[in-house]
Amino acid sequence: MNKKINYLWSLLIINLHFIFALFGFASIVYAAFLLTQILGFFVLGIALIAVAWIISPDDKTKRR
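Remember, predicted model here, so these are calculated numbers, not experimental data.

**Some points on the overall build of the protein**
Inference 1: For the protein, the count of helices and strands is 2 helices and 0 strands.
Inference 2: Taken over the C-alpha trace, the protein has a radius of gyration of 27 Å; the compact-globule value for 64 residues is 11 Å, which it surpasses by more than 25%.
Inference 3: Taken over the C-alpha atoms alone, the protein extends approximately 85 × 20 × 10 Å along its principal axes.
Inference 4: Looking at the 64 residues of the protein, the share that counts as buried comes to 0%.
Inference 5: When the accessible surface of the protein is totalled, it reaches about 6400 Å², and 77% of it is carbon and sulfur.

**What about the packing of helix α1 (residues 2–14) against helix α2 (residues 16–55)?**
Inference 1: At their nearest, the axes of α1 and α2 sit 4 Å apart, and the two run at 55 degrees to each other. The angle between the axes of α1 and α2 places the two elements in the oblique class. On the side of α1, the interface is formed by Leu12, Ile13 and Ile14, while α2 contributes Leu16, His17 and Ile19.
Inference 2: Here the contact of α1 with α2 is composed, by residue class, of 5 nonpolar, 1 polar and no charged.

**Digging into the environment of alanine 47**
Inference 1: Positionally, alanine 47 belongs in helix α2.
Inference 2: In the structure, alanine 47 is positioned 34 residues away from isoleucine 13 in sequence and 51 Å away in space, judged by C-alpha atoms.

**Details of the environment of tyrosine 7**
Inference 1: Relative to the assigned elements, tyrosine 7 resides in helix α1.
Inference 2: Considering only alpha carbons, one finds tyrosine 7 and serine 27, 20 residues apart in sequence, at a separation of 29 Å.

**Details of a nonpolar patch on the surface**
Inference 1: On the surface, Val51, Trp53, Ile54 and Ile55 cluster together into a nonpolar patch covering about 500 Å² of accessible area.
Inference 2: When you line up the elements, isoleucine 55 lands in helix α2.
Inference 3: When its relative accessible area of 53% is taken as the criterion, isoleucine 55 is described as exposed.

Rules used in this analysis
Residues numbered from 1 in each chain as written. Predicted model: local features only at pLDDT ≥ 70, side-chain atom pairs only at ≥ 80, totals over all residues. Heavy atoms only, no water. Helix = DSSP H or I, 4+ residues; strand = E, 2+ residues; numbered from the N terminus. Rg over C-alpha atoms; globule rule 2.2 N^0.38 Å. Buried < 20%, exposed > 50% of the residue type's maximum accessible area, 1.4 Å probe, protein only. Areas by Shrake-Rupley, 256 points an atom, 1.4 Å probe, with all protein chains shown as cover. Axes fitted to C-alpha atoms, helices over the stretch in contact; angles between N-to-C directions. Parallel < 35°, antiparallel > 145°, perpendicular 65-115°, else oblique. Contact = heavy atoms within 4.5 Å. Nonpolar A, V, L, I, M, F, W, Y, C, P; charged D, E, K, R; others polar. Patch = residues over 30% accessible without salt bridge, like charges linked within 9 Å, V, L, I, M, F, W, Y side chains within 5 Å. Salt bridge = Lys/Arg side-chain N within 4 Å of Asp/Glu carboxyl O.

Structural data, given as structure tokens:
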């Protein structure tokens, strides 16, 4: 049992740089996902403001 634990521990230590690189790439992908979500909401908000401005009644003629 002790031999197996030592083997797993050494395997973890040997592959630690790969695990950190994998977590680094995953965090970059997650940050890009969050950035696109934030930018998407920002663009959607601007589009909704533009649509509300376009369909709002005119102040001078009180028409649509």
